Amino acid sequence: MPNQNSQQRQGDRLVIGITGRIGAGKTSVGKYLESQHGFSYVRYSQVLSDWRAKDPESRAHLQVVGWEVMAGGMQAELNCRLISEVPAESDCAVDGLRHSLDFESLNAAFNPHFFLVYVNSPAEMRWPRLQQRYPTLDDFRRADSHPVEQQIESLQGLAFASIDNQSSIENLYSAVDNVLVRIRTGGPK
C-alpha cells in the first residue's frame, strides 16, 4: 500500500498508539507502519531508557525502571517526554502504552487524530517469540506478571481496534492495513 501521509496537512497527521502484552507483536506493528506506510516510530521503552536508565544494568531491567516511574508518580513526566519526541511533520506509531494515563496523555495531545490499537496474542504464542530474552517459561511468566504490565488489559476497552495476532506475520500486516484503512476513512471500530 503506498505511503498516504505525503498528501496530509500537518494538523491531520495520525498518531497510532500500540498496546498489548509482552510478545504480542507491538513492535512488529510499529515497524510495519514505519517501513510500509511512512510513519515515524517512537517507543516508550526508548524514551524511558534515555531518561531514567543511564547505565547498562538498568537498561537490561527496563520493567523495574518502568515500575519505579509508574509507582513513583512520574508517568505524566514520561508521557510529556514521549509526546515531545513525536514529530510534527509525519504520521507516528507510538509503541508500548501500558497505563491509562498514557492513553489520556496522547489522546489529549493529538485528539482527534490519535487512535489506540490493541494487539492481542495468547501467552503460549508470545513466549516463543521472546525466548531469547526469557529462556524459560518461568522467566517469561515473571516478566508477563510484573506490576508494570498489569494495567495493559484496561487499555483494550479504549482501543479503536483490537488485532488478534495468532497466525502469520502476513496476517498481522493485513490486519494493520485494514485498521489503517478504517482510521483513514472514518470507518467503524
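Structural data are supplied above this passage.
The structure displayed is predicted, hence computed values, not measured ones.

Novice: Could you give an account of empty space enclosed by the protein, with specific residues and numbers?
Specialist: The full count for this structure, using the stated rule, is one cavity of 30 Å³ or more. Taken as a whole, the largest cavity holds about 50 Å³ of empty space. No other element matches helix H10 (residues 169-185), which puts three residues into the lining of the largest cavity. For the lining of the largest cavity, the class distribution of residues is eight nonpolar, no polar and no charged.

Novice: Break down the pattern of salt bridges for me, citing the residues and quoting the values.
Specialist: Side chains that differ in sign of charge can pair as their charged atoms come close. Scanning the entire structure with this criterion turns up eight salt bridges. Across the pair Arg43 and Asp95 runs a salt bridge, and its minimum N-O distance is 3.8 Å. In this pair, Arg43 sits in strand S2 (residues 40-43) while Asp95 sits in strand S3 (residues 92-97), placing the two residues 52 residues apart along the sequence. Each of Arg21, Arg126, Asp144 and Glu153 takes part in salt bridges that share partners, so that together they form one network.

Novice: Lay out the side chain of Asp177 with the relevant residues and their values.
Specialist: Examined against the element boundaries, Asp177 turns out to sit in helix H10. In this structure, Asp177 is buried with no salt-bridge partner, the nearest side chain bearing the opposite charge being Arg184 at 9.2 Å. Among the polar contacts listed, one links the side chain of Asp177 to the side chain of His37, at a separation of 2.8 Å. Leave out the neighbours within four places in its chain, and Asp177 touches Tyr32 and His37.

Novice: Outline the packing of helix H2 (residues 44-52) against helix H5 (residues 75-85), listing residues and values.
Specialist: For the pair H2 and H5, the least separation of the axes is 10 Å and the interaxial angle reads 110°. Classed by the angle they form, the pair H2 and H5 counts as roughly perpendicular. Taken as a pair, H2 and H5 cross one another with a handedness that is right-handed. Facing H2, whose interface residues are Tyr44, Val47, Leu48 and Trp51, H5 presents Glu77, Leu78, Asn79, Arg81, Leu82 and Glu85. For the contact of H2 with H5, the class distribution of residues is six nonpolar, one polar and three charged.

Novice: Any chance you could break down the nonpolar core for me, citing the residues and the numbers?
Specialist: Ranked by size, the top nonpolar core spans 24 residues in total, and within it Val94, Leu97, Leu106 and Phe114 carry the most contacts. The set of elements that each furnish at least two residues to this core consists of H2, helix H4 (62-71), H5, S3, helix H6 (100-110), strand S4 (114-120) and helix H9 (152-156). Looking at this core, the element that brings in the most residues is H2, giving four residues. Setting aside anything within four residues of it in sequence, one finds Val94 in contact with Val15, Ile16, Gly17, Ile18, Val42, Tyr44, Leu82, Val86 and Leu106. Core analysis: the next-biggest nonpolar cluster, separate from the first, contains 21 residues, Ile18, Tyr32, Leu33 and Ala161 among them.

Basis of the calculations
Residues numbered from 1 in each chain as written. Predicted model: local features only at pLDDT ≥ 70, side-chain atom pairs only at ≥ 80, totals over all residues. Heavy atoms only, no water. 1 Å grid on protein atoms, 1.4 Å probe; cavity = no way out; pocket = protein on both sides within 12 Å on 5 of 7 lines; lining within 4 Å. Points joined across faces, edges and corners; volume = space filled by probe spheres on them. Helix = DSSP H or I, 4+ residues; strand = E, 2+ residues; numbered from the N terminus. Nonpolar A, V, L, I, M, F, W, Y, C, P; charged D, E, K, R; others polar. Salt bridge = Lys/Arg side-chain N within 4 Å of Asp/Glu carboxyl O. Buried < 20%, exposed > 50% of the residue type's maximum accessible area, 1.4 Å probe, protein only. Lys, Arg positive; Asp, Glu negative; His and termini not counted. Polar contact = N/O pair within 3.5 Å; in protein donor to acceptor, adjacent residues only side chain to side chain. Contact = heavy atoms within 4.5 Å. Axes fitted to C-alpha atoms, helices over the stretch in contact; angles between N-to-C directions. Parallel < 35°, antiparallel > 145°, perpendicular 65-115°, else oblique. Left-handed = near helix turned anticlockwise from the far one by under 90°. Core = buried A, V, L, I, M, F, W, Y, C linked by side-chain atoms within 4.5 Å.

Worth remembering: the numbers are spatial, not functional.
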